[in-house]
Amino acid sequence: MRIIALVVLLCVASVIEAAQLPLSVLPGGAVVYKPIQSVRERKFADLVQQKTDFSCGAAALATILRQAYWLDVNEDQIIEGMLAHADQDVVRVQGFSMLDMKRYVESIGMRARGYRVAAETLSDIRIPVVVLMDIRGYKHFVVLQKVHNGWVYVGDPVLGHKRFKVDDFVKGWNGIIFAVIGQGYDKANALLDPPLPLTAKNRINTFSPVQDAELLDFGFIRSDFF
């Protein structure tokens, strides 16, 4: 009887609530649920997906503002804000540029810095930043989350969480990082601890919050921490 009840609950749950999986029925009719996450949800956890062909920069910027600064912004709002300071004809053909992102960031009272970074110092990056990649001739903005043990972890507005070997990443990267700086930065934000591939085994969590002294290297100032 319990098995039949569980099957019925599974069918109902698949229609009403896909994020809860009933595991068993306890005496008295109580049901034990376990939260579940689809593969797609996991791939885009903490990331903003782009909705248009030219909005990868807006989605990447929204990801950082939402996760690292807890700002309630979305892709549409950032697109509108960047268009106010950009050449719309150029955007339609080439998409947004880092200059467009810089102007938008400054328009909301924050600071933006671009840095040219040597490949051998990629592991020194301690904050999530926007980077431009050339993928088979297609220019695409993604969020560089961290570099660890020879892997570069990125949040791709189209493909979700990805990782590349450093050498492979460098082949398609233009050597520049775009950092967003301002008050309210969450030093333990989720972007710094991206999910590993679903096939990863024996994961050891080595994540630890970034120290103030390390943030100063990227343009933060003491007053940003208060």
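These numbers were taken from a predicted model, which means no experiment stands behind them. (Residues numbered from 1 in each chain as written. Predicted model: local features only at pLDDT ≥ 70, side-chain atom pairs only at ≥ 80, totals over all residues. Heavy atoms only, no water.)

Asker: Is there a simple way to explain helix H3 (residues 56–69) in this structure?
Answerer: Working note: α-helix, 3.6 residues per turn, so residues spaced by three or four point in the same direction. The end-to-end C-alpha separation of H3 is 19 Å, in line with the 20 Å expected for 14 residues at 1.5 Å each. Note on H3: the residue one or two positions beyond its end, Trp70, has a positive phi of about 60°. (Helix = DSSP H or I, 4+ residues; strand = E, 2+ residues; numbered from the N terminus. Expected span 1.5 Å × (residues − 1).)

Asker: What is the right way to look at the packing of H3 against helix H6 (residues 98–107) in this model?
Answerer: Helix packing geometry: the angle between the two helix axes and the distance between the axes. At a minimum axis distance of 11 Å, the contact between H3 and H6 shows a crossing angle of 35°. Helix-helix and strand crossings are classified by hand; for H3 and H6 the assignment is right-handed. Only Met101, Tyr104 and Val105 of H6 make contact with H3, whose side of the interface consists of Gly57, Leu61 and Leu65. The class makeup of the residues in the contact of H3 with H6 is 5 nonpolar, 1 polar and no charged. (Axes fitted to C-alpha atoms, helices over the stretch in contact; angles between N-to-C directions. Left-handed = near helix turned anticlockwise from the far one by under 90°. Contact = heavy atoms within 4.5 Å. Nonpolar A, V, L, I, M, F, W, Y, C, P; charged D, E, K, R; others polar.)

Asker: Can you help me understand unusual backbone geometry in this one?
Answerer: Both trends apply: most residues other than glycine have a negative phi, and most peptide bonds are in trans. The phi angle at Asp46 is positive, at roughly 70°, despite the residue not being glycine. Among the structural elements, Asp46 can be located in the loop between helix H2 (39–43) and H3. A relative accessible area of 34% means that Asp46 is categorised as partly exposed. (Buried < 20%, exposed > 50% of the residue type's maximum accessible area, 1.4 Å probe, protein only.)

Asker: Just checking my understanding: could you explain the confidence of the model for the chain for this structure?
Answerer: For the chain, mean pLDDT is 81; residues scoring 70 or higher make up 75% of the total. Note on residues 1–18: pLDDT under 50 across the span, and 17 contacts to partners over four residues away in sequence or across chains. (pLDDT = per-residue confidence, 0-100.)

Asker: Looking at this structure, how should I read the sheet that holds strand E4 (residues 129–135)?
Answerer: Sheets are built from strands that pair by backbone hydrogen bonding, the pairs being arranged parallel or antiparallel. Across the sheet, which stays open at both edges, the 6 strands sit in the order E3-E8-E4-E5-E6-E7 with antiparallel pairing between neighbours. Looking at the sheet topology across the chains shown, the edges are occupied by strand E3 (111–116) and strand E7 (160–165). Strand-to-strand twist of the sheet, defined as the mean angle between neighbouring strand axes without regard to direction, takes the value 35°. In terms of strand pairing, strand E6 (residues 151–156) meets E7 through 6 bridges, oriented antiparallel. Looking across to E7, one finds that Val154 is bridged to Lys162. Contacts between H3 and the sheet are confined to E4, strand E5 (138–148) and strand E8 (173–181), with E5 contributing the most and set at about 25° to the helix. On top of the sheet, H6 reaches E3, E4, E5 and E8; it is set at about 5° to E8, its chief contact. (Pairing = 2+ DSSP bridges.)

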